[in-house]
Structure formats: structure tokens, C-alpha cells
Amino acid sequence: MHIEQLNTMNIKVLYFAQLRERFGLSEEHVQAPASVRTVKDLIEHLSARGGLWADTFDGSQAFRVAMNQEMIALDTPLVDGAELAIFRPVTGG
């Protein structure tokens, strides 16, 4: 195993509804660098891809996040091997 691999975190990211349609994928495996420690850090890491990613995660759109099927805050520390779901809030009427 390379030293770089020891310093990364593997996260399975799931995208739902509008995010899935916007990105054109329902899930991906992200190998995040050691600097990515919280959910907010991961969102910023995804945003750094530019284009639709930057537009989506620029702070102007609300979204919710669950880690391992539990709703969490953006300052929640990530856990290696976690499943992270990102989706837009659902409103009813």
C-alpha cells in the first residue's frame, strides 16, 4: 500500500432527486485527501471540481446530508468507509 493511500478517506457518496439528475450519476466512490475531515470539507472538495459541482455547492442552494442513514450537520467528522447521502430538502403542501 502506498503512503498516499494511508492518508486518504474512502467515502461512498449517493446523490438523490435533482442532484442525481444534475450530475448524471446516482453514486460515486470518492477518495478524499487527508485534508478532508468533515462533511463540509468533502462538499468543498466536490465543489473544487468546478462547473456544475461548484454551482451546486456554492452555498446558494439548500441540501441535506445523511451519513450511514442518519441525518447529520456539515461539521460532522467523516468516517472512512462511510456512505454519505446528499439531497435537496423536500417540501410538502
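Residues numbered from 1 in each chain as written. Predicted model: local features only at pLDDT ≥ 70, side-chain atom pairs only at ≥ 80, totals over all residues. Heavy atoms only, no water.

Draft legend 1. Quick peek at the environment of Met67. Mapped onto the elements, Met67 comes out in strand β3 (residues 64-67). Separated by 28 residues in the primary sequence, Met67 and Val39 place their C-alpha atoms 9.0 Å from one another. (Helix = DSSP H or I, 4+ residues; strand = E, 2+ residues; numbered from the N terminus.)

Draft legend 2. Representation of the sheet that holds strand β4 (residues 70-71). Overall, mixed pairing links the five strands, which are arranged β2-β1-β5-β3-β4 in an open sheet. If you trace the sheet from one side to the other, it starts and ends with β2 (27-32) and β4, each paired once. Sheet analysis places strand β1 (residues 9-15) next to strand β5 (residues 83-87), joined by four bridges and oriented parallel. Paired with Val13 across the two strands is Leu84, which belongs to β5. Lying on the sheet, helix α3 (residues 39-47) is in contact with β1, β2, β3 and β5; it crosses β2 at an angle near 105°. (Pairing = 2+ DSSP bridges. Contact = heavy atoms within 4.5 Å. Axes fitted to C-alpha atoms, helices over the stretch in contact; angles between N-to-C directions.)

Draft legend 3. Local environment of the packing of aromatic side chains. Taken as a whole and assessed by the stated rule, the structure comprises six aromatic pairs. Here Phe16 and Phe87 contribute two aromatic rings whose centre-to-centre distance is 6.4 Å and whose plane-to-plane angle is 85°, an arrangement assigned as edge-to-face. Within this pair, whereas Phe16 is found in the loop between β1 and α2 (17-23), its partner Phe87 is found in strand β5, the two being separated by 71 residues in sequence. Ring geometry for Phe23 and Trp53: centres 3.7 Å apart, planes at 10°, overall stacked. (Phe/Tyr/Trp six-rings, centres within 6.5 Å; stacked < 30°, edge-to-face > 60°.)

Draft legend 4. View of the pairing of β5. Of the pairings in the sheet, the one linking β3 to β5 comprises four bridges and is antiparallel in character. Note that in β5 the partner of Ala66 across the bridge is Ala85.

Draft legend 5. View of the pattern of salt bridges. Under the defined criterion, the tally for this structure stands at three salt bridges. When the shortest N-O distance is used, the salt bridge between Glu28 and Arg49 registers 2.8 Å. On the criterion of sequence distance, the pair formed by Glu28 in strand β2 and Arg49 in the loop between α3 and α4 (51-56) is long-range, its members being 21 residues apart. According to the relative accessible area criterion, Arg49 is partly exposed, its value standing at 40%. A salt bridge links Lys40 to Glu44; the shortest N-O distance between them is 3.6 Å. Of this pair, Lys40 and Glu44 are both found in helix α3, four residues apart, which corresponds to roughly one turn of the helix. Note on Glu44: relative accessible area 43%, which makes it partly exposed. (Salt bridge = Lys/Arg side-chain N within 4 Å of Asp/Glu carboxyl O. Buried < 20%, exposed > 50% of the residue type's maximum accessible area, 1.4 Å probe, protein only.)

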